Amino acid sequence: MNVNNTDAVDKRPSDIKEEIARLKSEKDAVILAHYYVRGEIQEVADFIGDSLALARIATTLPNRMIVLCGVHFMGETAKILCPGKKVVVPDMNAGCSLADSCPADEFEKFIKEHPDHTVVSYVNTSAAVKALTDVVVTSSNARQIVDALPADEKIIFGPDRNLGSYINSVTGRDMVLWDGACHVHEQFSVEKILELKRQYPDAKVLVHPECKRPVVLLADKVGSTAALLDYAVNSGFNRFIVATESGILHEMCRRCPDKEFIPAPPADSTCGCNDCSYMKLNTLEKLRDALRDGKPEIFVDKETAAKAVKPIERMLEMSK
Ligand code: 13P
Ligand code: SF4
């Protein structure tokens, strides 16, 4: 436990926000936040975005230090793309169940069992898995990148079986899928969404492609967090049932104050929304401490980073 947290307990959020602003300029730091982190962190961030946007932004920043408020693989991606910068995260325990469902040694065996296949990996993976990969994708660009590969190319897709099966269905490919999943997105249930649809028949259903296929089939719009936000902002509709992590509702409500967003609940709970416990490990206090202390810092060993950067850069190039 970080003992420095104890003196923050008594402080008001506005005091901590002031400290964060001061430390940011003292340390020449920039704060990047994913849409799933707590609203108060999104409010102090310099940039918020989906995983593709955060990777892209990281490559353009002049600052000495990046504080990545999200999960570990996002910090690793920023470090791999910006090896000369210090990359810190508020909580090193903010992992990802999807990335954890694909250990690099097992994935390597899987690749060896399919020797003539191109390896496409979702960005929600460790640096070691990316180092085994030909091209990385995010939920924003997976369809575009898979479509751009020659039609007869045999492909392994990992680690998300749901995103993989969605991409197979929209591209007509038959990619071999690694059997991994996200514990948050697998929680959404058809029954609960149909119940909400009965209550709000005019509501449009927004679904992240990490959800199971029966949930995806209920969607009016399937897409990454940024794509779902864009649809909410730019479509003429006023009410939405949102089947992705609940943090996105903060930016949806901020951008569309006159529209209504209803979080789709998980199957096994009476609570109204579905949270990623890893994303919620990011707090304002830990963010302040990370800025002040320059830790916990993300390190990626040189050999792994040298291999992992290639499929990430290929992704950025293929989805310009
Ligand atoms: P996005 O690519 O939409 O940011 O998704 C990241 C993620 O972790 C989804 O669970
Ligand atoms: Fe990982 Fe799922 Fe959390 Fe996204 S929502 S960071 S995929 S555990």
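Conventions used here
Throughout, residues of each chain are indexed from 1 in the direction in which the sequence is written. To label them, take the chains in the order written and letter them from A, then take the ligands in the order written and number them from 1. The predicted nature of this model means local features are confined to residues of pLDDT at least 70 and side-chain atom pairs, given and counted, to a pLDDT of 80 or more, with totals for whole chains, interfaces and linings taken over all residues. To get the side-chain values, all heavy atoms of the structure are used, and hydrogens and water are removed first. Working definition: helices are DSSP H or I runs of at least four residues, strands are E runs of at least two. Numbering for both runs from the N terminus. C-alpha atoms define the radius of gyration, and 2.2 Å times the number of residues to the power 0.38 defines the globule rule. Working definition: with a 1.4 Å probe on protein chains only, accessible area under 20% of the residue-type maximum means buried, over 50% means exposed, and in between means partly exposed. Any two residues whose heavy atoms approach within 4.5 Å are treated as being in contact. Accessible surface area values rest on a Shrake-Rupley calculation with a 1.4 Å probe, where residue burial reflects the displayed protein chains alone. Residues scored as positive are Lys and Arg, those scored as negative are Asp and Glu, and His as well as the terminal groups of each chain are ignored. Taken as the charge location is NZ of Lys, CZ of Arg, CG of Asp or CD of Glu. Between the rings of Phe, Tyr and Trp (Trp by its six-membered ring), a pair exists once the centres lie within 6.5 Å; its type follows the angle of the planes, with under 30 degrees stacked, over 60 edge-to-face, and the other angles tilted. Whether a residue is near a molecule or strand depends on its heavy atoms: if one lies within 4 Å, it is near. Definition of a polar contact: a pair of N or O atoms within 3.5 Å, with one able to donate and the other able to accept a hydrogen when the atoms are protein atoms, and with sequence-neighbouring residues admitted only if both atoms are side-chain atoms. In the cavity and pocket records, a cavity denotes points on a 1 Å grid over the protein atoms alone where a 1.4 Å probe fits but cannot get out, a pocket denotes an open set with protein on both sides within 12 Å along at least 5 of 7 lines, and lining residues are residues with an atom within 4 Å of a point. Those molecules having more than half of their atoms within 2 Å of a cavity or pocket grid point set are described as sitting in that cavity or pocket. Residues were grouped as follows: Ala, Val, Leu, Ile, Met, Phe, Trp, Tyr, Cys and Pro as nonpolar; Asp, Glu, Lys and Arg as charged; and all remaining residues, including Gly, as polar. As used in this record, nonpolar core signifies buried Ala, Val, Leu, Ile, Met, Phe, Trp, Tyr and Cys residues forming a set joined through side-chain atoms within 4.5 Å. In this analysis, strands are considered paired if DSSP registers two or more bridges between them. All axes here are fitted lines through C-alpha atoms, helices being fitted over the stretch that makes contact, and every angle between N-to-C directions spans 0 to 180 degrees. Roughly parallel here means an angle under 35 degrees, roughly antiparallel means over 145, roughly perpendicular means 65 to 115, and every remaining angle is called oblique. Crossings are classed by handedness, with left-handed meaning an anticlockwise turn of the near helix from the far one by less than a right angle and right-handed meaning a clockwise turn.

Engineer: So what exactly am I meant to see when it comes to the overall build of the protein here?
Structural biologist: Summing up its helical and strand segments, the protein has 15 helices and 12 strands in all. The C-alpha radius of gyration computed for the protein amounts to 20 Å, which stays within 12% of the reference 20 Å derived for 320 residues, consistent with globular compactness. Expressed along its principal axes, the backbone C-alpha trace of the protein runs to roughly 55 × 55 × 35 Å. The buried share among the 320 residues of the protein stands at 56%. Considering only intrachain contacts with a sequence separation of at least 6, the fraction spanning at least 24 residues in the protein is 65%. For the protein, the accessible surface area stands at approximately 13,900 Å², while carbon and sulfur atoms represent 50% of it. A distance of 3 Å separates the average location of the 40 positive side-chain charges in the protein from that of its 47 negative side-chain charges.

Engineer: Please explain the packing of aromatic side chains as it appears in this structure.
Structural biologist: Geometrically, a pair of aromatic rings is defined through the distance of the ring centres and the angle of the planes. Tallying each qualifying case throughout the model produces 6 aromatic pairs. Residues Tyr231 and Phe240 carry aromatic rings whose centres are separated by 6.4 Å and whose planes lie at 80° to one another, so their mutual orientation is edge-to-face. An aromatic cluster of at least three residues, connected via ring pairs, comprises Tyr231, Phe237, Phe240 and Phe261.

Engineer: It is not clear to me how the site of ligand 1 should be interpreted in this structure. Could you clarify?
Structural biologist: For ligand 1, the full set of nearby residues is His34, Tyr36, Asp50, Ser51, Tyr122, Asn124, Ser139, His185, His208, Glu210, Ser224 and Thr225. His34 is positioned with one of its side-chain polar atoms (N or O) 2.6 Å from an oxygen atom of ligand 1. At a separation of 2.8 Å, an oxygen atom of ligand 1 approaches a polar backbone atom of Thr225. Of the pockets mapped on this structure, ligand 1 occupies the largest cavity. Partitioned by chemical class, the residues of the shell around ligand 1 number 2 nonpolar, 8 polar and 2 charged.

Engineer: Would you mind showing me how to read unusual backbone geometry here?
Structural biologist: Peptide bonds are mostly trans, and most non-glycine residues show a negative phi. Omega for the bond connecting Gly158 with Pro159 falls within 30 degrees of zero, at -5°, which places this linkage in the cis form. Note on placement: Pro159 falls in the loop between β7 (155–158) and α9 (161–171). Omega for the bond connecting Lys295 with Pro296 falls within 30 degrees of zero, at 5°, which places this linkage in the cis form. As for its position among the elements, Pro296 is in the loop between α14 (284–293) and α15 (302–318). Although it is not a glycine, Asp28 sits at a positive phi angle of roughly 55°. For Asp28, a relative accessible area of 35% gives the class partly exposed.

Engineer: Honestly, the nonpolar core in this entry has me stumped. Any pointers?
Structural biologist: A general tendency of soluble globular proteins is for nonpolar side chains to be buried together. Ranked by size, the top nonpolar core spans 86 residues in total, and within it Leu32, Ile66, Leu287 and Leu291 carry the most contacts. Not counting the four nearest positions on each side in its chain, Leu291 is found in contact with Ile20, Leu23, Lys24, Lys27, Ala29, Ile31, Met65 and Val67. Counting residues in each nonpolar core, the second largest holds 12 residues, with Leu206, Leu229, Ala232 and Phe240 among its members.

Engineer: How should I be thinking about the pairing of strand β11 (residues 239–243) in this particular structure?
Structural biologist: Side chains on a regular strand alternate between the two faces of the sheet. Among the 5 residues that make up β11, 4 are buried, leaving the element largely enclosed by the rest of the structure. Where strand β9 (residues 204–207) lies against β11, 4 bridges are found, and the strand directions are parallel. The partner of Val207 across the bridge, within β11, is Ala243. In this sheet, strand β12 (residues 260–263) lies alongside β11 in parallel orientation, the contact comprising 4 bridges.

Engineer: Quick question: what am I supposed to make of the side chain of Asn63 here?
Structural biologist: Relative to the helices and strands, Asn63 is located in the loop between α3 (51–58) and β3 (65–69). Reaching out from Asn63, the side chain makes a polar contact with the side chain of Asp28 at a distance of 3.3 Å. In this structure Asn63 touches Asp28, Ala29, Val30 and Lys85, once residues within four positions along its chain are discounted.

Engineer: How should I be thinking about α14 in this particular structure?
Structural biologist: Quick reminder: α-helices carry 3.6 residues per turn. Residues three or four places apart thus point the same way. Taken across its 10 residues, α14 has 7 buried, putting it largely inside the fold. Structurally, α14 contributes buried residues whose contacts are with α1 (13–27), β1 (29–34), α2 (39–44), β3 and β4 (86–88). Phi turns positive, to about 65°, at Gly294, one or two residues after α14.

Engineer: What is the right way to look at the site of ligand 2 in this model?
Structural biologist: With respect to spatial proximity, the complete set of residues near ligand 2 consists of Tyr36, Val71, Cys96, Ser97, Asn124, Cys182, His183, Val184, His185, Glu210, Cys276 and Met279. Here ligand 2 occupies the largest cavity.

Engineer: I would appreciate a short explanation of the packing of α3 against helix α4 (residues 72–81) in the present structure.
Structural biologist: Axes are the key here: two packed helices are described by the angle between their axes and the distance separating the axes. Where α3 contacts α4, the two axes come as close as 9 Å, and the packing angle between them is 30°. By the angle between their axes, α3 is roughly parallel relative to α4. α3 and α4 meet at a crossing whose hand is right-handed. Between α3 and α4, the contacting residues are Ser51, Leu54, Ala55 and Ala58 on the first element and Met74, Thr77, Ala78 and Leu81 on the second. Considering only residue class, the contact of α3 with α4 consists of 6 nonpolar, 2 polar and no charged.

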